[in-house]
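# Working through the structure, step by step
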Amino acid sequence: MNAPLTQPLHFHPPHDDAGIARRLRGAVEGEVLFDRGSRGRYSTDASIYQVLPVGVLVPRSDADVRAAFDVCRELAIPLLPRGAGSSQCGQTVGAALVVDHSKHLNRVLGYDAAAQTVQVEPGVVLDALNAWLRPHGVWFPVDVSTSAQCTIGGMAGNNSCGSRSIAYGNMVHNVEAIEALLADGTAARFGPESEMAGGSGRLRALVDGLRAIGERERQEIGACVPPVLRRVGGYNIDVFNPQSVRPYTADGSVNLAHLLVGSEGTLAWTRELTLKVAPIPAHRTLGVVNFPTLHRAMECARHIVELSPSAVELVDRTMIDLARGNPAFRPVIDGALTGEPDAILLVEFVGETADGPRKRLDDLVALMGDLGLPGSVVRMPAAGAQKALWEVRKAGLNIMMSMKGDGKPVSFIEDCAVPLEHLAEYVDRLTEVFRRHGTRGTWYAHASVGTLHVRPILDMRRDGAIKMRAIAEEASAMVRQNKGAFSGEHGDGLVRSEWVAWQFGPQLAQAFAQIKSLFDPAGLMNPGKIVEPTRMDDRTLFRFAPGYRVAPMTPALDWSAWNVHNDPATETLTAPGTGEDPARGFGKAVEMCNNNGHCRKFDAGTMCPSYRVTRDEIHLTRGRANTLRLALSGQLGVDFASEPVREALDLCVSCKGCRRECPTGIDMAKMKIEFAHQWHKAHGSTRKEALIATLPRWAPWAARAPWLFNVRNRWPWLARLSERTLGFSARRKLPAWRRDTLRRSASEAPMAEANVVLFVDTFTHYFEPENAHAALAVLNAAGYRVAVARGGDSRPLCCGRTFLTAGRVDEARAEARRLIAAVAPAVERGATIVGLEPSCLLSMRDEFLVMGLGESAQKLSGRALLIEEFLAREHAAGRLRLPLRKLPQSRALLHGHCHQKAFDAVAPAVAVLELIPELAVDVVETSCCGMAGSFGYDAEHYDVSVAMAELSLLPAVRKADADTIIVADGTSCRHQIADGTQVTGAREAVHVVRVLQRALDQGSAQNATAAGP
Ligand SMILES: Cc1cc2nc3c(=O)[nH]c(=O)nc-3n(C[C@H](O)[C@H](O)[C@H](O)COP(=O)(O)OP(=O)(O)OC[C@H]3O[C@@H](n4cnc5c(N)ncnc54)[C@H](O)[C@@H]3O)c2cc1C
Ligand code: SF4
Ligand code: SF4
């Protein structure tokens, strides 16, 4: 290994920050972010490192990047290109001006069907590109796991590789040309060397210099570049003497774009890329091979690849168990197993006809018989089953990453690549190394190419750095012995650049330094990566650097579940509250975010609606978690309850999307309640916040004089006044108060006899009592004895949600206690508590459990269900008798409330709607509707709120036929739909229980007709 720099990578710009920011603002149209919060949010990626950048530029155009380069060159400020920042090795962390191309430079520029190429800007996200390409019948086949968020520029920067690299190669095999900008301002198209040779001046000197290095090092390249497919460390100097088992070009000719691929932003800025595309395979099939031991699986991998699969992916016993622990995944994984295997290999075959893959699956079955494992293959020809199993593999990794405590699975030898014949021995020996260091790893991923992912659990605040080096030393010795690559997927960055000289030898390391200075003589491009590295274990560069401390805090909610230590060898946790967190677990909960960037996804799911609208790092779950962590640890230089933190949380709509979809379980909605509580303690409530929070208390008065309270909706000048004085948007109508609120009805059973207790929330009670009537009608029709939960005084019960939103946790707790006391006898008796409004009912299963409400809250959480969950459960158990009849309409379009999605309660809503004969149910693939309680009524949030709804919900509703029933269980979702369709053709959305009621009434109407007059 060459001597790494001993100086840490902290750069002190020769000019003051304000001066640099001023210069940049004068030169560019994009956003120039130099505040402490923004710099902090860009100081980390999915690695263990953290370095404060000089500042951040979010360029609007290519011209912005050029202008910024000019300023930085003049002021000698380093530059750091960045996409999604999902690198695992610290590539995008550095004391430089970070240039984030992901927000604006993300267009597909052109598609050439004849040449099978596509031209893109660097910020286009892989999944977005593939969605664009799909209608052409092609895809970009470098299918990395972070496809939902990673950008093509970042993929090229890291020479990324996907699960199917055995069939399609790495990034370097799929890039044809790169339009690049050098730090000195030179712009050039890098492609086949033959096309570049005729250049002049700077470019000519560059190309000649590179060629000279290539010729000089020809022999050394042959001797020192590992001849494996998965080798992504160092520069791709083997363009001059091909070493990869899959050549970069068909004829072995030199393409200088390939030298930029994998250069981690250290040579040039990528402005545009020309990529090769591949036809989407017409047919896929999957064989799951079950092995008695991991060792056996690894031994067999090399024989399996002889059958030309498109992927061979490993899932080990730990992952299998994790998946089986999840009720949703258990049937999927069980369907792939024969007996109790220690490991499985997912072997995929693709082809243009169904016969090809089927035949190769037969070959796999025969091969396993020959290898002494007859009957070990489970065939999975159905696309749905295949997809479900791939999802399980992903989810297993997510569960692993959600480990609580300071020990975390750390990525630093996660992607060593060894030739397949040595894989079994490598796995055995490394497992033993982990054991000796008191830890263990879970193995998964790309067995086809000898790149097995494994992350030992290390505590980077304590002895992690020492163990990391010791394990890396031993792993590297094994990699060398086996002629493998130390970096087979994730690149060099800060964690592995010091290993570049070790891997390639001093002579090639010297050649890399020369390549770097030919491109970037002033050393401005992403310094400290690949060449002139820092030490991997330089703790001053760690996110949890020496001296990292969380300030003491007394949280309002109970975060003790996070306040634990873990045992890296057994993964067992200490008791809640024993983790020594001065913020009593809140600090550790916030620190769970490992910056993997999954919250940047745009496809399915909910997370994160505000980012989907603004595309700003500050409005991302990750940006928020980082802001909280920096504030709690004193790195923002302001109090926790301060404006920069409030700003980061402002557009969080508390949808709980992250609670379900973030791999590490970041629950920002709950964190926002905690912040709001601390803010409220320090600053009090505004008039609007107080008005909304206390609504359950003054609602009875409003219901006595609804005309008075509703007048604001009729008189525009009053709406404008309410905007000026209170902050309610004049462009919104507020929910209309009703005089006919929910009264006691004859159909209610006494509480003591009820087997179902209906909890009617404040919104249903005062604004839409017909939903409660419908619920009573449906439940009674099904034969349940239903009581309505009522408080001892005249005021209806409330879950406390409005108080929680305002951070008034004590008042919310008082409401919750009142509710719990009212329903406790029924809960004790085993009755089910059923509710209608997802955010209210589901708080009994969520926030109630962290509000210090004791055992009765636990019991309630076990019996509280949304009405659709209850009915679906009863139906599944064969107990539901509902005389539902066909409706005049034949379609329903369902929009799931975010909290319904977070608690898996959309499927039950679909299930109960499908009980109605001949009703076809479609679910709108939506994120948040944008109304989110009171969020959409705020004047300052109105535009964002509408933009969220316009992402998919409102277009889908507008597209629906006039006789399609629009179903939405959330009060605010229904309001957003009504508001958003006012101009284009009003649509009313209804609660699922109203649709059921109509289908019941339909029955009575038909009976009445049948009976005759
Ligand atoms: C959970 C998880 C799973 C992962 N799985 C995979 C996987 O399956 N396969 C894989 O290969 N990787 C994987 N990665 C690593 C990472 O996601 C990929 O390398 C990804 O392609 C990086 O894309 P990005 O947009 O986040 O790039 P960034 O991290 O933002 O940047 C990557 C590098 O490219 C450089 N760069 C970015 N833009 C430019 C530009 N315009 N010009 C010049 N240089 C530029 C940056 O400086 C940096 O050095 C995984 C990471 C995580 C956290
Ligand atoms: S918030 Fe969750 S999804 Fe987003 S980066 Fe952090 S860990 Fe990943
Ligand atoms: S709660 Fe919703 S809006 Fe808030 S960070 Fe999570 S996903 Fe984003």
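Throughout, residues of each chain are indexed from 1 in the direction in which the sequence is written. Working convention: letters from A go to chains and numbers from 1 go to ligands, in the order in which they are written. Per-residue local features of the predicted model are confined to residues with pLDDT of at least 70, and side-chain atom pairs are confined, for both listing and counting, to 80 or more; whole-chain, interface and lining totals are unaffected and use all residues. Derived side-chain values reflect all non-hydrogen atoms in the structure, with water molecules and hydrogen atoms excluded from consideration.

### Some points on the overall build of the chain
Under the DSSP-based scheme used, a helix requires at least four consecutive residues in state H or I and a strand at least two consecutive residues in state E, with every element numbered from the N terminus. Along the chain, the regular secondary structure elements total 42 helices and 27 strands. Values of the radius of gyration come from C-alpha atoms, whereas the globule rule sets the reference at 2.2 Å times the count of residues to the power 0.38. Taken over C-alpha atoms, the radius of gyration comes to 30 Å for the chain, in line with the 31 Å a tight globule of 1013 residues would show. By its C-alpha atoms, the chain is 100 × 70 × 60 Å across when sized along the principal axes. Buried, partly exposed and exposed residues are distinguished by accessible area as a fraction of the type maximum, computed with a 1.4 Å probe on protein chains only: under 20%, between the cut-offs, and over 50%, respectively. Every one of the 1013 residues in the chain was classed for burial, and the buried ones make up 62%. In what follows, residue pairs with any heavy atoms lying within 4.5 Å of each other are defined as contacts. Counting contacts in the chain only where the partners sit at least 6 residues apart, residues at least 24 apart contribute 74% of the total. This count recognises Lys and Arg as positive and Asp and Glu as negative, with His and chain-terminal groups excluded. To locate a charge, take NZ of a lysine, CZ of an arginine, CG of an aspartate or CD of a glutamate. Charged side chains of the chain number 114 positive and 112 negative; the gap between the two group centres comes to 5 Å.

### As for the packing of aromatic side chains
When two rings of Phe, Tyr or Trp (its six-membered ring) have centres within 6.5 Å they constitute a pair, described as stacked for plane angles under 30 degrees, edge-to-face for angles over 60, and tilted for the intermediate range. Under the criterion given, the structure shown has 25 aromatic pairs. Considering the side-chain rings of tyrosine 235 and phenylalanine 512, the 5.5 Å spacing of their centres and the 80 degrees angle between planes classify their relative orientation as edge-to-face. Of the two residues, tyrosine 235 is situated in the loop between α9 (218-224) and α10 (257-260) and phenylalanine 512 in helix α19 (residues 500-519); the sequence distance between them amounts to 277 residues. For tyrosine 235, a relative accessible area of 0% puts it in the buried group. Every member of this aromatic cluster is reached through a ring pair, and the members are Trp559, Trp562, Phe586, Phe640, Phe675 and Trp679. For a lysine, the NZ atom is tested; for an arginine, the CZ atom; a charge sits over a ring if that atom is within 6 Å of the ring centre and within 35 degrees of the ring normal. Here lysine 404 stacks its cationic end above the ring of tryptophan 562, 4.7 Å away from the centre of that ring. The side chain of arginine 704 reaches across the aromatic face of tryptophan 701, ending 4.5 Å from its centre.

### Some words on the pairing of strand β5 (residues 108-112)
Along a regular strand, successive side chains alternate from one face of the sheet to the other. Any two strands between which DSSP finds at least two bridges are classified as paired. Sheet analysis places β5 next to strand β6 (residues 117-120), joined by 4 bridges and oriented antiparallel. Looking at β6, one finds that tyrosine 111 is bridged to valine 118. In textbook terms, the turn of a hairpin is the stretch between consecutive antiparallel strands, and for β5 and β6 this stretch comprises 4 residues, one of which, glutamine 116, has a positive phi near 60 degrees.

### Description of a nonpolar patch on the surface
On the surface, Trp707, Leu708 and Phe709 cluster together into a nonpolar patch covering about 340 Å² of accessible area. As for its placement among the helices and strands, leucine 708 is situated in helix α28 (residues 706-714). We classify leucine 708 as partly exposed; its relative accessible area is 46%. Grouping into patches uses exposed residues only, defined as over 30% relative accessible area, and leaves out salt-bridged ones; the cut-off is 9 Å for like charges and 5 Å for nonpolar side chains (Val, Leu, Ile, Met, Phe, Trp, Tyr). For accessible areas, the Shrake-Rupley method is used with a probe of radius 1.4 Å. Any residue's cover is judged against the shown protein chains and nothing else. Between Lys or Arg on one side and Asp or Glu on the other, a salt bridge is scored when a side-chain nitrogen of the former is within 4 Å of a carboxyl oxygen of the latter.

### Side note on unusual backbone geometry
The amide bond that connects methionine 607 to the next residue, cysteine 608, takes the cis arrangement and shows omega of -10 degrees. Locating cysteine 608 in the fold gives a position in the loop between α20 (586-591) and α21 (609-614). Even without a glycine there, the phi angle at asparagine 526 is positive, about 35 degrees. Tracing the chain through its elements places asparagine 526 in the loop between α19 and α20. The phi torsion at isoleucine 530 lies on the positive side, around 65 degrees, for a residue other than glycine.

### Structural notes on the side chain of serine 165
Looking at the secondary structure, you find serine 165 in helix α6 (residues 165-168). Overall, serine 165 belongs to the buried group, its relative accessible area being 0%. Of the polar contacts made by the side chain of serine 165, one reaches the side chain of arginine 230; its length is 2.9 Å. Discounting residues that sit within four places of it in the chain, serine 165 has contacts with Asn170, Leu229, Arg230 and Val449. Each polar contact in these results corresponds to two N or O atoms within 3.5 Å; when the atoms are within protein, one needs to be able to donate a hydrogen and the other to accept it, and residues that are neighboring in sequence are counted only if both atoms are side-chain atoms.

### As for the pattern of salt bridges
Counted under the stated rule, the structure contains 82 salt bridges. In this structure, arginine 211 and glutamate 193 form a salt bridge, with 2.6 Å as the shortest nitrogen-oxygen distance. Of the two residues, arginine 211 sits in helix α8 (residues 201-216) while glutamate 193 sits in helix α7 (residues 193-196), which places them 18 residues apart along the sequence. Across the pair arginine 646 and aspartate 650 runs a salt bridge whose closest N-O atoms are separated by 3.6 Å. Salt bridges linked by common partners bring Lys656, Arg659, Asp667, Lys670, Arg801, Asp846 and Glu847 together as one network.

### Topic: the nonpolar core
Here, nonpolar core refers to any group of buried Ala, Val, Leu, Ile, Met, Phe, Trp, Tyr and Cys residues whose side-chain atoms link them within 4.5 Å. By size, the foremost hydrophobic cluster in this structure holds 82 residues, and its most contacted members are Phe586, Leu628, Met668, Met671, Phe848 and Leu860. The greatest single-element share of this core, amounting to 9 residues, is contributed by helix α33 (residues 809-829). Filtering out sequence-adjacent residues up to four positions away, leucine 628 remains in contact with Phe586, Val590, Phe640, Val645, Leu649, Met668 and Met671. In terms of nonpolar packing, the next biggest core, distinct from the first, is built from 62 residues, Ala301, Leu367, Val377 and Leu541 among them.

### A look at the environment of alanine 821
Tracing the backbone through its elements, the reader meets alanine 821 in helix α33. Note: C-alpha distance between alanine 821 and alanine 892 (71 residues apart in sequence) is 38 Å.

### A word on the sheet that holds strand β23 (residues 864-866)
With respect to topology, 4 strands assemble into an open sheet ordered β21-β20-β22-β23, the strand pairing being parallel. Each of the sheet's edge strands pairs with one partner strand only, and the pair in question is β21 (786-788) and β23. On average, each strand axis in the sheet is inclined to that of its neighbour by 35 degrees, with strand direction left out of account. Summarising the sheet, strand β20 (residues 756-759) and strand β22 (residues 832-835) pair through 4 bridges and their orientation is parallel. Bridge assignment links valine 756 to a residue of β22, and that residue is threonine 832. As a rule, the C-alpha atoms of each element are fitted with a line to give its axis, helices using only the stretch in contact, and angles between N-to-C directions run from 0 to 180 degrees. Packing of helix α36 (residues 867-876) onto the sheet brings it into contact with β20, β22 and β23, and relative to β23 it is tilted by some 95 degrees.

### What to know about the site of ligand 3
For ligand 3, the set of nearby residues contains 13 residues, the closest of which are Cys608, Arg624, Cys652, Cys655 and Cys658. Secondary-structure elements contributing two or more residues to the shell around ligand 3 are α22 (621-632) and α25 (668-683). For the shell around ligand 3, the class distribution of residues is 9 nonpolar, 2 polar and 2 charged. Residue proximity to a molecule or strand is established when one non-hydrogen atom of the residue lies within 4 Å of it. Note on residue categories: nonpolar means Ala, Val, Leu, Ile, Met, Phe, Trp, Tyr, Cys or Pro, charged means Asp, Glu, Lys or Arg, and polar means any other residue, Gly included.

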